[in-house]
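Tertiary structure, described
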Amino acid sequence: MEATRSTWGFIFAAIGTLLFAWFLDSVPALFFSAFIAGFLVFRAIAFIGRAGTAASMITVERVAKPEWTRQGGVVTVSTSVRITVPEGLSARVCDLPPPGAPVVHGLACSPEAGAGDHALNLRYGVSCLSSGNIRWRGVDLMVSDRFFSLVLPFRGDNFRSPVIRVDPVGKYQKREGLGFFGERDLEKLTVLKGTGVRSFRDYMPGDDPRSVDWKLSAKHGKLFVREYAGLSGTHPLLVVDLPDGAVPCPYDLRDTVVGAALDAAREMVNGPHGCSLMVISGANLLSFLPDERSLHKVERSLLEYHSPQRPVQCFRTLDPIAAEALRTRLSGSSAVHGSLERRLLQVYSRFIPEIRPLPFDIQCTKALGRRGETALHVLTTGTGDMSHLATLGLQARRLNIEASLGLPDATATPGLVRRLRGMGYSIVRVV
Amino acid sequence: MRAGVPMLVALFACAAGSAAALVGNPAFPIAVSAAVISLGAGLLVLWFCHSDPALFLLAQPCLFLTWEISPLLTFFFEAVLVSALLFSMGLLRTKTDVAYSGVYLVVMGCMALLLSGQSHVFFPLAIFVPAAGLACLVVLGLAYRTMVRAGGGTQ
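From a predicted model like this one, the values you see are computed outputs, not experimental measurements.

A few points about the overall build of chain A
Across its full length, chain A carries ten helices and 20 strands. Residue burial in chain A is summarised as follows: out of 431 residues, 36% are buried. In chain A, of all internal contacts separated by at least 6 residues, the share reaching a separation of at least 24 is 69%.

What follows is the structure, given as structure tokens:
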């Protein structure tokens, strides 16, 4: 509760007369001091009572369009506030936009309203700079009279609706080739047609009339149809590696990755096989959607796990096949006569039969081994442990699948790019 | 009626009444001087920057001298001034406002009665200061409760 200038005048007068009464032993001065102080107390109690009455009669309806937008998009907001201001008070309502969503046009605060019933309409626009599901912070009602002013914060759920869903923005870098994922035309007929024309042939009954080349047909006086080249590489698996929720990671890195994944997924769901999506966090499979055609499901899978925990960590996990290769190399080497090498060989020989592949290894093999998986696209923040990326790269290499990886510019250091290439990713690029 | 005029009329009435009450008293010239100064200052305030609270405070020195004649008369003048101030500021329109003002004036009247029998300020002051602190706490507590209850709790 704040005092106005008049109230401060009264307070100083009360204190002045009180000091006067004390130093000069003046009873009338004490009476005046008490009279003025009592007046302020009486006014304060009356003011609070009225403010409570005003607060009990406020209703807020807020409409935001669109309720689903991309990061940086502008949302138009229309807030209707109905309020009854008691006599002697004036009120002002301020809508509090979500954190990270500044007002870009219009005003989120109403002009001061005097006593009576009011229907205040606030129209403004906010720019959604932060991603995720964002809600309004509420409404502030500022009531004042000639002596006091009070800000009443309305933070209940009914004052914070609606929820705006803001998708992070990211751009998936297209690969070289014809299509979104670097598809190539094949000089052979396949079920999937490319964009290039492989040859022309005479029209046969049953051919699609859309493939008739009318220009060539008119030139030669008979119907010719186009034979399109086949298309390869159109059924990739998109893997999104979310950062560990327990380890601090800048939100913009996560948003870049999720934004790029959303961009890619939106393009992929329109493809012939839909979108095959695998959401992981380290060596933990969070979600797997094979051949999904529903963009809603894909988006939900991507946005559901905002800060996933990693119950399974695979630091220094040794793949059984890689361990066997190491053992073979060690046994064939001339250095095996040394005590350390001999001891290491014994350790490998004893433990290799007992090594079981991690569930994540099996999941990767199953996901990549599905019929038609022709490429692997991994999107990662490039922070924390990379063992799972090595596992993915290894499995892709074993299945002869081309693997590519995208990571944010901020983490794409030359050393990391070189390391990732060594893990089996033929293409490592910035998203 | 022009804003501020009711308060100026009340100021004039109280200043004149206070001076008239002191007729025959050695403090009469001072009372007249105080009344003239208060009225002059009140006119200036009304002319240049209309402020009802300022007019209310300007009347206090005139009433100060009246206490020697009659504490109840002083209280009466104060009551007139407060009523005029509330009326002028639009804070005396509803029944609730009148009830609040009535309670306040009754409490202040009782206090005037109690203080009129005192010749020193020590004991009244020993009660007044803690009471003022308690009143501040009550007001702040009420304000906090209103803020919390208004919005369904702060989050």
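Re the sheet that holds strand S17 (residues 284-292) of chain A
Residues and elements named next belong to chain A. Taken together, six strands build an open sheet; the order of strands is S17-S16-S15-S18-S19-S20 and the sheet is mixed. Because the sheet does not close on itself, it has two edges, and the strands there are S17 and strand S20 (427-430). Mean inter-strand twist for the sheet, computed between neighbouring axes without regard to direction, equals 15°. In the sheet, strand S15 (residues 236-241) pairs with strand S16 (residues 275-281) via five bridges, with the strands oriented parallel. Note on S16: the bridge partner recorded for Val 240 is Val 279. Helix H8 (residues 359-368) contacts S15, S16, S17 and strand S18 (375-380) of the sheet and is inclined by roughly 10° relative to S17.

Observations regarding the interface of chain A and chain B
With 39 residues of chain A at the contact, the number on the chain B side is 42 residues. Considering every element that reaches the side of chain A that touches chain B, the biggest residue donor is helix H2 (residues 27-56) of chain A, with 19 residues. Residues belonging to the side of chain A that touches chain B are distributed by class as follows: 27 nonpolar, eight polar and four charged.

Description of the pairing of S15 of chain A
Residue and element names in this part refer to chain A. When you tally the buried positions in S15, you get six out of six residues, the bulk of the element. Side-chain alternation along S15 places Pro 236, Leu 238 and Val 240 on one buried face and Leu 237, Val 239 and Asp 241 on a second face that is also buried. The handedness of the S15 to S16 crossover, carried by helix H4 (residues 251-268), is right-handed.

Notes on helix H5 (residues 295-304) of chain A
Residues and elements named next belong to chain A. Every buried residue of H5 is accounted for by Val 298, Ser 301 and Leu 302. For H5, the arc enclosing every buried residue in end-on projection is 95°, short of the 170-degree limit, so these residues lie on one face. For H5, the exposed residues set more than 90 degrees away from the buried face come down to His 296, Arg 300 and Glu 304. Buried residues belonging to H5 abut S15, H4, S16 and S17.

Some thoughts on unusual backbone geometry
Residues and elements named next belong to chain A. The omega torsion across Lys 65 and Pro 66 is -5°, close enough to zero to call that bond cis. Here the amide bond leading from Ser 161 into Pro 162 is cis, since omega sits at -5°, within 30 degrees of zero. Positive phi values are uncommon outside glycine, yet Asp 25 reaches one of about 55°. Tracing the backbone through its elements, the reader meets Asp 25 in the loop between helix H1 (5-24) and H2. Asp 25 gets classed as partly exposed once you count the C-beta atoms within 10 Å, which come to 14. If you check the backbone angles, Asn 400 has positive phi at about 60° while not being a glycine. Mapped onto the secondary structure, Asn 400 falls in the loop between helix H9 (387-398) and strand S19 (402-407). Under the C-beta neighbour-count criterion, Asn 400 is labelled exposed, with 7 such atoms within 10 Å.

Describing the sheet that holds strand S10 (residues 148-154) of chain A
In space, the four strands of this open sheet follow the order S1-S10-S9-S5 (chain A), with antiparallel pairing throughout. The sheet is open, and its two edges are formed by strand S1 (2-3) and strand S5 (90-96) of chain A, each paired on a single side.

Points about the pairing of strand S4 (residues 74-85) of chain A
Residues and elements named next belong to chain A. Residue alternation in S4 divides its side chains into a buried set, Val 75, Val 77, Thr 79, Val 81, Ile 83 and Val 85, and an unburied set, Val 74, Thr 76, Ser 78, Ser 80, Arg 82 and Thr 84. Bridge count for strand S2 (residues 59-65) against S4 is seven bridges, and the pairing is antiparallel. Each residue of the ladder has a partner; that of Arg 62, found in S4, is Thr 79. In this structure, S4 lies alongside strand S7 (residues 116-127), joined through twelve bridges in antiparallel fashion. Pairing of Thr 76 across the sheet is with Gly 125, part of S7.

Quick notes on the nonpolar core
Membership of the largest hydrophobic core comes to 82 residues, with the highest contact counts inside it found for Leu 141 and Leu 152 of chain A together with Leu 11, Cys 14, Ala 59, Cys 62 and Leu 81 of chain B. Here this core spans two domains, and each of domain 1 (2-55) and domain 2 (58-167) of chain A adds at least three residues to it. Setting aside chain neighbours within four positions, we find Cys 62 of chain B in contact with Cys 14, Ala 15, Ser 18, Ala 31, Ala 34, Ala 35 and Ser 38 of chain B. Core analysis: the next-biggest nonpolar cluster, separate from the first, contains 44 residues, Tyr 172, Leu 242, Ala 265 and Leu 376 of chain A among them.

Quick word on the packing of helix H1 (residues 5-21) of chain B against helix H5 (residues 71-88) of chain B
Helix-helix packing is characterised by the crossing angle of the two axes and by the distance between the axes. Residue and element names in this part refer to chain B. At a minimum axis distance of 9 Å, the contact between H1 and H5 shows a crossing angle of 170°. With respect to each other, H1 and H5 are oriented roughly antiparallel. On the side of H1, the interface is formed by Pro 6, Met 7, Ala 10, Ala 13, Cys 14, Gly 17, Ser 18 and Ala 21, while H5 contributes Leu 73, Phe 77, Val 80, Leu 81, Ala 84, Leu 85, Phe 87 and Ser 88. Split by residue class, the contact of H1 with H5 holds 13 nonpolar, three polar and no charged.

Conventions used here
- Residues numbered from 1 in each chain as written.
- Chains lettered and ligands numbered in written order.
- Predicted model: local features only at pLDDT ≥ 70, side-chain atom pairs only at ≥ 80, totals over all residues.
- Helix = DSSP H or I, 4+ residues; strand = E, 2+ residues; numbered from the N terminus.
- Buried ≥ 20, exposed ≤ 12 C-beta atoms within 10 Å, placed from the backbone.
- Contact = placed C-beta atoms within 7 Å.
- Pairing = 2+ DSSP bridges.
- Axes fitted to C-alpha atoms, helices over the stretch in contact; angles between N-to-C directions.
- Nonpolar A, V, L, I, M, F, W, Y, C, P; charged D, E, K, R; others polar.
- Right-handed = clockwise from strand over helix to strand, strands pointing away.
- Arc of directions from axis to C-beta.
- Core = buried A, V, L, I, M, F, W, Y, C linked by C-beta atoms within 7 Å.
- Domains from an automatic or database assignment.
- Parallel < 35°, antiparallel > 145°, perpendicular 65-115°, else oblique.

Take it as geometry only, folks, not as evidence of what the structure does.
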